[in-house]
Amino acid sequence: MRRISMDGASMGARGLWLSLAWLSASTALGCGRREALPASQDPGAERPAQPAQLAPPAQPEEPAAPLQESRVERDGLSIAFALRPLDRGQQGGGTGLGAGPAAAVAGSDVVAEFTITDASTGAPVRGLTPLGWMSRRAGADGAAAASFSGRAPAASLASGAPAASLASGAIDAAPDEAACRGKIKSFMAGLLSVRPEVDMNAYLLWTLNQDNSLSAINPQVALARTQLRSVVSLAGRGVSFVLHPDRESLYVTLRGGQGLAVVDTRRGLVRTNVPVGQDPSRVVVAPDGRTVWVGNDGDGTVSVIDARSTDVLKTLPVGPGHHEIAFTGGGRAAWITSQQGESVAVVDGETLEPLAEIAVGEGVVAIAASDEAGVVHAANAARGEVVILDVARRAVAGRVALKPGLGALQFDPGGRFSFALNPSANEVAVLDGATGAVAHTLTGLAAPDAVTFTGAFAYIRNRGAARVSLVDRSALGGPAAPPLVDIAVGQGPPLAAAARTGPAALATPIAPLPEGNGALVASPADRALYVYVEGMMAPIGTLPSYGREPRSILVEDRSLKEVRPGVYATTVRLGEGGLYDVELLLDRPRTGVCLEATVAPARCAPGDGEADASGCGGDPVKDIAIAPLFEPDLRLAAGEPATLRFRATAGEGGPPLDAEDIEVMVVRFPAGYRFRGAPRAEGDGTFSVAFTPPAPGQYRFLAAVPGRGAPVGALPFVPLRVSARGAGAQGGGAR
C-alpha cells in the first residue's frame, strides 16, 4: 500500500480542495468592481416553549473589544478584520504584558473575525464560504516569510502599525493587489515551501485512545512543528465521545466511576467531570445542542445534562443493560433502548417526561431514526431481527427477520436506507426505510462493525481485516446489490489491537473529511490514522498517533463559520510577534483582499506560567537534552533494519521522560522520505527506535518532546548516511 506523509496541507484532502478551488478563483481575484451581494433575510421562526428544567438559551453577547482591527472596501463590500480575546476575562492585565490595553500576543489563542457588509447600505452579507490566512510580513532580518511583492523592504511601517510591537529592522510594504493575489494563490496550492503562520481553513482530528487520553492532531502543519497539538489526560479510560455542535466542548464517558468528562476543545483540557450513573457508556448531544444524554449501563438509567451549565437535569429510569439513544422531530422525542429490558422508552426532549413504553423484546443493541421515513429501527441481536417502530403512533409497525448477531445500525444521511451490520454473519442488510423491506444484502465482509457516510459512499469498517469497504449510495435504489469497493487500510486488522489491549467499546473509527469527499480511518493495530480521498485505490496519506492506539476519531472543523449575520469567525493560535498580512478569499463575488494585524511578542512575568504555556515566552527547550548513542555521520545500508539508540533527559526539577513523551522523525535531506516512530524505553533514560532506510542518501535524525515545549525541529538533528546494500555499513551503536 502506498503511504504518503501528511506533513503538509498539500498531502491532505483540504489541500486538494484548495488547489481545485484556486483554478476557478484565480481569474477573478480582485478584478473589477462587482455588485455587492444583497443581505439575505431569515424568516422569523417561532421558538418552542421553554421547559422548566432547562436553562433558557444564551442571549447573544456583544463581541469583546477588538485587540486589532483593519478595514478595506472592495467590489462593493466593506470588509473588517479583528482579533478578539477568546474570553472577556482575557482582556486587561491578564495578557502577561503588564499595564495598558490588551493585545494580540504571540502564541495565544484568539478569535479571528471578519465582518462583511454592503458598502452602500451597511447590510450584512450572508451565506459566504470565505477562506482566510495570516502571514508574517518579511523584515530586513529575513526571519519572516519571504516577500511576495518583489520590491525592496520599505523603510517605514504600513499604515499606522505600532512600532513597539514589531521586530527590529525594516518591514516590507503592504502587498499590492497583484501581490495579494499571489500570496493567496501560493497558500491555496498547499506548498510546503510557502506556508502561512495562521491557517483559518484548518481542522483538528480528535482520537479517543486505548489509554486514559484524547489526542488532538493538526494534519496541516509544516515539517518544523509537531502535528500533535495536545494530549488530554482523562480520569479514566474513555468509552465513547461526541463533539458539541458549537465545537467548543467534547463529552467523554469514562470507566471506573469517573462519570462524564467535559473537554474544552480550544484549550485542550478537561473543564469538569460530571457525576452521572454507574458505568456510563453511550453519550449523545440532542440535535438542538441544549442537552447531553448519557446511558448508564450499570444502573439502568439515562442522565440528561444541561450543555451550558453541565448540571444533571434529570435521571431517567429506562431499564437494565446497555443503552442506545436516537432522536426524532429534531430532538422533540428521545428513543432509548435497554439491552436487558423488554421495551424502548420514548421521552419528551423538552420536558424530559416519559411519552411511551414500546414492547420490542429483550436483546436490542442498536437504534436509528429517520424523520424522512417517519420510522425508528431497532436491532435485536439475539433474535436477529430489526423492529420497525412508527414514530407518529409510537407503536411497532413490523419486524424484519435477519440473522442473529446484529450489531451497529444506522440510517444514511437521506434517511431512506438503514444499514444493519452483522459482524457474526460477515454481512450487512440494507433496509428500505419507507417499506421496511430488505433492499440489499451485502456479503463478503470481515466482521463489519461500523459504518459512516459521505455524500457519495457508505464506508464500512471490517474489524477482521485491514480494509474498508465502500458502497455507492447512488446504486442503493436499484434492483441489484451495489458492489463493494475494498480499500486496503493499514497492515493489521482492528482485531489485532483488541487482542493486544482488549476490545474497544462503542468505537467510531471512521470520520468523513470536512470536504465530504473522503474519510479518515483510525487503525489501532497500526497506531496510525489513514486519509482516503474518493476516487483513489489506496489512502493518500498517513498520520501518526504518537504511540497511542486510536480507537475512535472525530473531526473538529475549525474553518471560518458565520457566527452572526455577516460575521465569519474561528479560533486561531497566533504565531510569532510582528506585523501580519491577513489574506481573505471570498466565493461570491470572487474577491481576494489583504488586511493587516499586529501580534505583540510574548512576555511573561517571572514565575508566571510554564515555559510551554500558550502566550508565554522564554526558552522552552533549555531543560531537554537528546544525546545520540551512535556515531556522527553514521552509515546505514538501504533496506536493512537498524536500531538507533539515544539518551533523553529532562532538567533538574522536571519529571523524567518516558517513551510516550518522545517523538522521533527521520527525514531524507533535502526533501522526500519521512519516517515517524515512537521510541521504546530501555531504562536509565535510554531509548531506541527501529528504522529501515528505503534508499541511499543523506538523512537526518530528529527527536522531539512536544509536551515539554520541544517540537520537531527545536532540538539539534543528527546526520545519517545511507549506502546501497552491500556497500558496508558502520555499526556505531546503531544496531
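Residues numbered from 1 in each chain as written. Predicted model: local features only at pLDDT ≥ 70, side-chain atom pairs only at ≥ 80, totals over all residues. Heavy atoms only, no water.

**Q** Sorry, what's going on with the overall build of the protein chain here?
**A** Summing up its helical and strand segments, the protein chain has three helices and 50 strands in all. Out of the 735 residues in the protein chain, the part that is buried amounts to 53%. Put simply, 57% of the contacts in the protein chain that link residues at least 6 apart link residues at least 24 apart. (Helix = DSSP H or I, 4+ residues; strand = E, 2+ residues; numbered from the N terminus. Buried < 20%, exposed > 50% of the residue type's maximum accessible area, 1.4 Å probe, protein only. Contact = heavy atoms within 4.5 Å.)

**Q** What is the right way to look at the side chain of T265 in this model?
**A** Mapped onto the secondary structure, T265 falls in the loop between β11 (260-264) and β12 (269-274). Accessibility expressed as a relative area gives 2% for T265, which makes it buried. Within the structure, the side chain of T265 is placed 2.6 Å from the backbone oxygen of R247, a separation counted as a polar contact. The residues touching T265, leaving out its near neighbours within four places in the chain, are W206, L243, R247, E248, S249, L250, E556 and R558. (Polar contact = N/O pair within 3.5 Å; in protein donor to acceptor, adjacent residues only side chain to side chain.)

**Q** I would appreciate a short explanation of the confidence of the model for the protein chain in the present structure.
**A** The predicted coordinates should not be examined in detail at positions where pLDDT is low. For the protein chain, the mean per-residue pLDDT works out to 79, and 75% of the residues sit at or above 70. A low-confidence stretch, residues 1-53 stays under pLDDT 50, and its non-local contacts, those more than four residues away or across chains, total 129 contacts. For residues 55-61, every residue scores under 50 in pLDDT, and the model assigns this stretch ten contacts once sequence neighbours within four places are set aside. (pLDDT = per-residue confidence, 0-100.)

**Q** What exactly am I supposed to notice about the sheet that holds strand β26 (residues 417-422) here?
**A** Sheets are built from strands that pair by backbone hydrogen bonding, the pairs being arranged parallel or antiparallel. Pairing in this open sheet of four strands is antiparallel, and the strands run β25-β26-β27-β28 from one edge to the other. A single partner strand is all that each edge strand has here, and the edge strands are β25 (409-411) and β28 (438-442). Sheet twist, expressed as the mean angle between neighbouring strand axes with direction ignored, is 20°. With four bridges connecting them, strand β27 (residues 427-432) and β28 associate as antiparallel partners. Within the sheet, the bridge partner assigned to V430 lies in β28 and is H440. (Pairing = 2+ DSSP bridges. Axes fitted to C-alpha atoms, helices over the stretch in contact; angles between N-to-C directions.)

**Q** Any chance you could explain unusual backbone geometry here in plain terms?
**A** Working note: non-glycine residues mostly have negative phi, and peptide bonds are mostly trans. Backbone torsion omega between R588 and P589 reads -5°, so that peptide bond is classified as cis. With respect to the helices and strands, P589 occurs in the loop between β40 (578-586) and β41 (591-599). Of note in the backbone geometry, D75 takes a positive phi value of approximately 55° without being a glycine. Positionally, D75 belongs in the loop between β1 (68-74) and β2 (77-85).

**Q** Could you clarify how one ought to interpret the sheet that holds strand β13 (residues 280-285) in this entry?
**A** If you walk across this open sheet you meet the four strands as β13-β14-β15-β16, and the pairing is antiparallel. Every other strand in the sheet has two partners, leaving β13 and β16 (312-317) as the edge strands with one partner each. The mean inter-strand angle of the sheet, taken between neighbouring strand axes irrespective of direction, is 20°.

**Q** Teacher, can you tell me more about the pattern of salt bridges here?
**A** When charged atoms on two side chains of opposite charge get close, those side chains can pair. Overall, the coordinates contain 28 salt bridges when judged by the stated rule. Measuring nitrogen to oxygen at the nearest pair gives 2.7 Å for the salt bridge that ties R84 to E113. Pair noted here: R84 is in strand β2 and E113 is in strand β3 (residues 109-118), with a separation of 29 residues, a long-range link. Taking relative accessible area as the criterion, R84 reaches 11% and is therefore assigned buried. Between R416 and D432 there is a salt bridge, and its shortest N-O distance comes to 3.6 Å. (Salt bridge = Lys/Arg side-chain N within 4 Å of Asp/Glu carboxyl O.)

**Q** Can you help me understand the environment of T508 in this one?
**A** Positionally, T508 belongs in the loop between α3 (494-501) and β33 (510-512). Between the alpha carbons of T508 and V242 there is a distance of 9.9 Å; along the sequence they are 266 residues apart. Beyond its immediate sequence surroundings of up to four residues, T508 is in contact with F241, R551, S552 and I553.

**Q** Just checking my understanding: could you explain the side chain of R136 for this structure?
**A** Tracing the backbone through its elements, the reader meets R136 in strand β4 (residues 131-136). Of note is the side chain of R136, whose polar atom sits 2.7 Å from the backbone oxygen of G577.

**Q** I would appreciate a short explanation of the packing of aromatic side chains in the present structure.
**A** The geometry of an aromatic ring pair comes down to the distance between the two centres and the angle between the two planes. Considering all chains together, one arrives at nine aromatic pairs under this definition. Ring centres 4.8 Å apart and planes at 45° place the aromatic pair F81 and F114 in the tilted group. Taken as a pair, F81 in strand β2 and F114 in strand β3 lie far apart in primary sequence, 33 residues in all. Taken as a pair, F81 and F114 share a single burial class, namely buried. When the centroid spacing of 5.9 Å and the interplanar angle of 40° are considered together, the rings of W133 and F187 count as tilted. Here F187 lies in helix α2 (residues 177-189) and W133 lies in strand β4, a separation of 54 residues in the sequence. Here W133 matches F187 in class, with each residue buried. Members of the aromatic cluster, joined through ring pairs, are F630, F646, F687 and F701. Sitting over the ring of F717, R700 keeps its end group 3.9 Å from the ring centre. (Phe/Tyr/Trp six-rings, centres within 6.5 Å; stacked < 30°, edge-to-face > 60°. Lys NZ or Arg CZ within 6 Å of the ring centre and 35° of its normal.)

**Q** Just to check I follow, could you spell out the pairing of strand β30 (residues 457-462) for this structure?
**A** Successive residues of a regular strand alternate their side chains across the two faces of the sheet. Counting buried residues in β30 gives six out of six residues, a clear majority hidden from the surface. Residues F457, Y459 and R461 point to one face of β30 and A458, I460 and N462 to the other, with burial holding for every one of them. As paired strands, strand β29 (residues 448-453) and β30 are joined by five bridges and run antiparallel to one another. Residue pairing across strands places A450 opposite R461, the latter belonging to β30. Linking β30 to strand β31 (residues 467-472), which pair antiparallel, is a turn of four residues.

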